[in-house]
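Chain by chain, the residues run as shown.
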Amino acid sequence: MKRLINVFKLIVYPGSTWISIFQTSSHQMLERALFYPMIAIYAVSFFLRLVYDPTLDFSEVLTDAIIGFVAYFIGYLIVAQILNIVIPKLQEAGKSSSEGKIRTFVIYSMSILLMIDILQNLLPSNLILLTILQFYLVYVIDKAKAQFHLNEDKTLVFLVVSFGLIFIVPILIRNFFDMFL
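Model, not experiment: these values are computed from the prediction.

Student: Can you tell me about helix H5 (residues 58-90), naming the residues and giving the values?
Tutor: Between the first and last C-alpha of H5 there are 46 Å, a value that for 33 residues agrees with the 48 Å anticipated at 1.5 Å per step. Within H5, the axis deviates most sharply at asparagine 84, by approximately 30°, and proline proline 88 lies no more than four positions further along.

Written out as structure tokens, the structure reads:
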């Protein structure tokens with residue numbers, strides 16, 4: 001529960017929350033206690049669409065739930081690996097970030113997107129506000145950059161690459177699997 005509260009704190013005041021998160025979080029624990037359960041809740045939230053849309057077929061919803069789960073699961077692994085390669089190239093000389101710190105960053109950033117996607121599945125219609133809220137992640141990521149000791153001229157690259165990967169990779173994976181259905 002504490003980790004989920006951290007996701008809400010991250011939305012409200014990201015600067016101080018990132019400091020707290022990086023000081024106290026283990027990525028292994030976050031995977032088990034926050035991220036994987038959130039992906040499961042996201043997948044289950046697809047089934048609530050059956051309640052308010054009787055035209056949907058159960059097999060269609062089941063397929064969407066599986067694809068959504070896989071998109072975030074594989075997306076997390078891909079994004080974490082790419083950022084483990086990219087971030088050290090953007091950091092100041094002599095500074096480095098552990099793989100755990102980068103995975104923690106990806107977990108919490110993707111958790112914000114997961115919360116928005118869960119809310120979208122719970123509502124009978126797509127609210128444009130929730131779609132726009134996804135771009136708030138840029139601000140949250142911007143507040144995390146201080147924790148990575150980046151070169152001043154590389155902060156924009158960090159912001160664009162991090163947001164691009166965290167936002168786009170799950171969408172690309174989802175669209176890849178949708179092509180075959």
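More follows now that the structure is in view.
Student: With reference to specific residues and values, describe helix H8 (residues 137-144).
Tutor: Every buried residue belonging to H8 is among Leu137, Val140, Ile141 and Ala144, and all of these are buried. Seen from one end, H8 has its buried residues packed into an arc of 95°, which puts them on one side. Of the surrounding secondary structure, the elements contacted by the buried residues of H8 are helix H1 (2-12), helix H2 (14-24), helix H6 (99-122), helix H7 (128-133) and helix H9 (155-179).

Student: Go over the pattern of salt bridges, please, and point to the residues and values.
Tutor: In total, this model carries 4 salt bridges according to the counting rule given. Ionic pairing is found between glutamate 99 and arginine 103, a salt bridge with its closest N-O pair at 3.0 Å. Of this pair, glutamate 99 and arginine 103 are both found in helix H6, 4 residues apart, which corresponds to roughly one turn of the helix. Here arginine 103 falls in the buried class, since its relative accessible area comes to 11%. Here aspartate 142 makes a salt bridge to lysine 145, at a shortest N to O gap of 2.7 Å. Among the residues examined, aspartate 142 registers a relative accessible area of 22% and is labelled partly exposed. Here lysine 145 falls in the partly exposed class, since its relative accessible area comes to 28%. Among the charged side chains, a salt-bridge network with shared partners connects Glu31, Glu99 and Arg103.

Student: Go over the confidence of the model for the protein with me, naming the residues and quoting the values.
Tutor: Mean pLDDT over the protein works out to 92, with 100% of the residues at or above the 70 mark. H9 holds the highest mean pLDDT among the elements of the protein, 96, whereas H1 holds the lowest, 87.

Student: A description of the nonpolar core should follow, citing residues and the corresponding values.
Tutor: Ranked by size, the top nonpolar core spans 51 residues in total, and within it Trp18, Phe105 and Phe148 carry the most contacts. Counting only elements with at least two residues in this core, the list comes to H1, H2, helix H3 (27-45), H5, H6, H8 and H9. Looking at this core element by element, the count peaks at 12 residues for H6. Apart from residues no more than four positions distant in its own chain, phenylalanine 148 is found in contact with Phe22, Ile87, Gln91, Ser97, Lys101, Ile102, Phe105 and Phe158.

Student: With reference to specific residues and values, describe a nonpolar patch on the surface.
Tutor: The grouping of Leu48, Val51, Leu119, Leu122, Leu123, Leu127, Ile128, Leu129 and Ile132 at the surface amounts to a nonpolar patch, some 840 Å² of accessible area in total. Per-element accounting of the nonpolar patch gives the leading share, 3 residues, to H7. Counting through the fold element by element, leucine 119 comes out in helix H6. Note on leucine 119: relative accessible area 41%, which makes it partly exposed.

Student: Please set out the packing of H6 against H8 residue by residue, giving values where relevant.
Tutor: Geometrically, a packed helix pair is captured by the angle between its two axes and the distance between the axes. Remark: H6 packs on H8, axes separated minimally by 10 Å, with the N-to-C direction vectors making an angle of 160°. By the angle between their directions, the pair H6 and H8 is classed as roughly antiparallel. The crossing of H6 and H8 is right-handed. Note on element contacts: H8 touches H6 through Leu137, Val140, Ile141 and Ala144, opposite Phe105, Ser109, Ile112 and Leu113. Residues that form the contact of H6 with H8 fall into these classes: 7 nonpolar, 1 polar and no charged.

Student: Residues and numbers for the packing of aromatic side chains, please.
Tutor: Under the counting rule described, the total for this entry stands at 19 aromatic pairs. Ring geometry for phenylalanine 35 against tyrosine 76: centres 5.0 Å apart, planes inclined by 50°, an arrangement best described as tilted. Here phenylalanine 35 is found in helix H3, whereas its partner tyrosine 76 is found in helix H5, with 41 residues between them in sequence. There is no split in this pair, since phenylalanine 35 and tyrosine 76 are both buried. Aromatic pair phenylalanine 176 and phenylalanine 180: ring centres 5.1 Å apart, planes at 80°, arrangement edge-to-face. Taking the relative accessible area as the measure of exposure, phenylalanine 176 reaches 43% and is therefore partly exposed. Three or more aromatic residues link up through ring pairs in this structure, and these residues are Trp18, Phe22, Phe105, Phe148 and Phe158.

Rules used throughout
- Residues numbered from 1 in each chain as written.
- Predicted model: local features only at pLDDT ≥ 70, side-chain atom pairs only at ≥ 80, totals over all residues.
- Heavy atoms only, no water.
- Helix = DSSP H or I, 4+ residues; strand = E, 2+ residues; numbered from the N terminus.
- Expected span 1.5 Å × (residues − 1).
- Bend = angle between axes of the 7 residues up to and from the residue.
- Buried < 20%, exposed > 50% of the residue type's maximum accessible area, 1.4 Å probe, protein only.
- Arc of directions from axis to C-beta.
- Contact = heavy atoms within 4.5 Å.
- Salt bridge = Lys/Arg side-chain N within 4 Å of Asp/Glu carboxyl O.
- pLDDT = per-residue confidence, 0-100.
- Core = buried A, V, L, I, M, F, W, Y, C linked by side-chain atoms within 4.5 Å.
- Patch = residues over 30% accessible without salt bridge, like charges linked within 9 Å, V, L, I, M, F, W, Y side chains within 5 Å.
- Areas by Shrake-Rupley, 256 points an atom, 1.4 Å probe, with all protein chains shown as cover.
- Axes fitted to C-alpha atoms, helices over the stretch in contact; angles between N-to-C directions.
- Parallel < 35°, antiparallel > 145°, perpendicular 65-115°, else oblique.
- Left-handed = near helix turned anticlockwise from the far one by under 90°.
- Nonpolar A, V, L, I, M, F, W, Y, C, P; charged D, E, K, R; others polar.
- Phe/Tyr/Trp six-rings, centres within 6.5 Å; stacked < 30°, edge-to-face > 60°.

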